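# Examining the three-dimensional arrangement
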Amino acid sequence: AGLPLRAAPIVTVDLFEAGGVFEESNGVPVANGGLSREEMAQVCNSAFTIPSEVGSTGWYRESGRESNGACRERCAALAARLRRLAASLSTESETIVAVSHDYTACALLEAFFPNRADASGDPNRKFTAWRHYNTGFTILDISAQGAATLRLYNAIPHLDGREDLHSGLHPFVA
């Protein structure tokens, strides 16, 4: 059994893997709206807050596959929102948990640490400044002033002894 949560989880519709929710149809990406409000309510218990953006057709609003540039824009806006949220927290509620994978985690890290981003200026460039295992986790500490400190990067202790499950990481070049 896990530890009980001291806060009600909030579903966040702008935190999803780069590319979005889509299916290929004859080589063309076609958006899939993701879970509907009713489906989320079945999966999540009543302690979860489901935002109004989740409707009967789901939550994903792109017309197809999200571009890397659109992912970067989304993550920059999300980073700004997380900074505002961190600034508003009291000491009794000082934890924000955001769950994501690989490229979106890289795009969020680029937003928090822009000096590490690829300087080419092409918004649709590949994510090269940060590298993540598919299930690696990173911990950021965001101060009330908005400064981000990297506390843990790309950790995979849950995969110790299971090198066959190490995937998604490309060689990191400093």
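Cut-offs applied
Residues numbered from 1 in each chain as written. Predicted model: local features only at pLDDT ≥ 70, side-chain atom pairs only at ≥ 80, totals over all residues. Heavy atoms only, no water. Helix = DSSP H or I, 4+ residues; strand = E, 2+ residues; numbered from the N terminus. Buried < 20%, exposed > 50% of the residue type's maximum accessible area, 1.4 Å probe, protein only. Areas by Shrake-Rupley, 256 points an atom, 1.4 Å probe, with all protein chains shown as cover. Salt bridge = Lys/Arg side-chain N within 4 Å of Asp/Glu carboxyl O. Patch = residues over 30% accessible without salt bridge, like charges linked within 9 Å, V, L, I, M, F, W, Y side chains within 5 Å. Contact = heavy atoms within 4.5 Å. Phe/Tyr/Trp six-rings, centres within 6.5 Å; stacked < 30°, edge-to-face > 60°. Expected span 1.5 Å × (residues − 1).

### Here's the deal with the overall build of the protein
A count of helical and extended segments in the protein gives 3 helices and 4 strands. When the helices and strands of the protein are read in sequence order from the N terminus, they spell out β-β-α-α-α-β-β. Taking all 174 residues of the protein together, 31% fall into the buried category. In the structure as shown, the protein presents an accessible area of about 11000 Å², 55% of it carried by carbon and sulfur atoms.

### What about the pattern of salt bridges?
It is possible for side chains bearing opposite charge to pair when their charged atoms get close. One pass over the full model with this rule turns up 4 salt bridges. In this structure, arginine 81 and aspartate 14 form a salt bridge, with 2.8 Å as the shortest nitrogen-oxygen distance. Linking arginine 81 in helix 2 (residues 68-88) with aspartate 14 in the segment before strand 1 (22-25), this pair joins segments that are 67 residues apart in sequence. A salt bridge links glutamate 66 to arginine 74, with the shortest nitrogen-to-oxygen separation between them at 2.8 Å. We classify glutamate 66 as buried; its relative accessible area is 3%. On the accessibility criterion, arginine 74 (11% relative accessible area) is buried.

### So, a nonpolar patch on the surface
A cluster of nonpolar residues, Phe137, Ile139 and Leu152, forms a patch on the protein surface that exposes about 230 Å² of accessible area. Here phenylalanine 137 is to be found in strand 3 (residues 137-142).

### Focus on helix 3 (residues 102-112)
The element helix 3 is largely enclosed, with a buried count of 9 among its 11 residues. Turning to helix 3, its buried residues number three or more, namely Asp102, Thr104, Ala105, Cys106, Ala107, Leu108, Leu109, Glu110 and Phe112. Those residues of helix 3 that are buried are in contact with helix 2, strand 3 and strand 4 (148-155).

### As for the packing of aromatic side chains
For the structure shown, the criterion picks out 3 aromatic pairs. The interplanar angle of 50 degrees and the centroid separation of 5.2 Å between the aromatic rings of phenylalanine 16 and tryptophan 59 together place this pair among those described as tilted. Of this pair, phenylalanine 16 sits in the segment before strand 1 while tryptophan 59 sits in the loop between helix 1 (37-43) and helix 2, placing them 43 residues apart in sequence. Ring plane angle 75 degrees and centroid distance 5.8 Å describe the contact between tryptophan 59 and tyrosine 60, whose orientation is recorded as edge-to-face. Using a relative accessible area of 5% as the deciding quantity, one classes tyrosine 60 as buried. Linked through ring pairs, Phe16, Trp59 and Tyr60 together constitute an aromatic cluster.

### Quick notes on helix 2
A turn of α-helix holds 3.6 residues, and therefore any two residues three or four places apart point the same way. Its 21 residues place the ends of helix 2 30 Å apart at the C-alpha level, agreeing with the 30 Å of an ideal helix rising 1.5 Å per residue. Of all the positions in helix 2, only Gly69, Cys71, Arg72, Arg74, Cys75, Leu78, Ala79, Leu82 and Ala86 are classed as buried. Those residues of helix 2 that are buried are in contact with helix 3 and strand 3.

### Quick look at unusual backbone geometry
We note that asparagine 26 has phi near 55 degrees; this positive angle belongs to a residue other than glycine. Mapped onto the fold, asparagine 26 is located in the loop between strand 1 and strand 2 (28-31). In this structure, asparagine 154 takes a positive phi of about 55 degrees despite not being glycine. Along the chain, asparagine 154 falls in strand 4.

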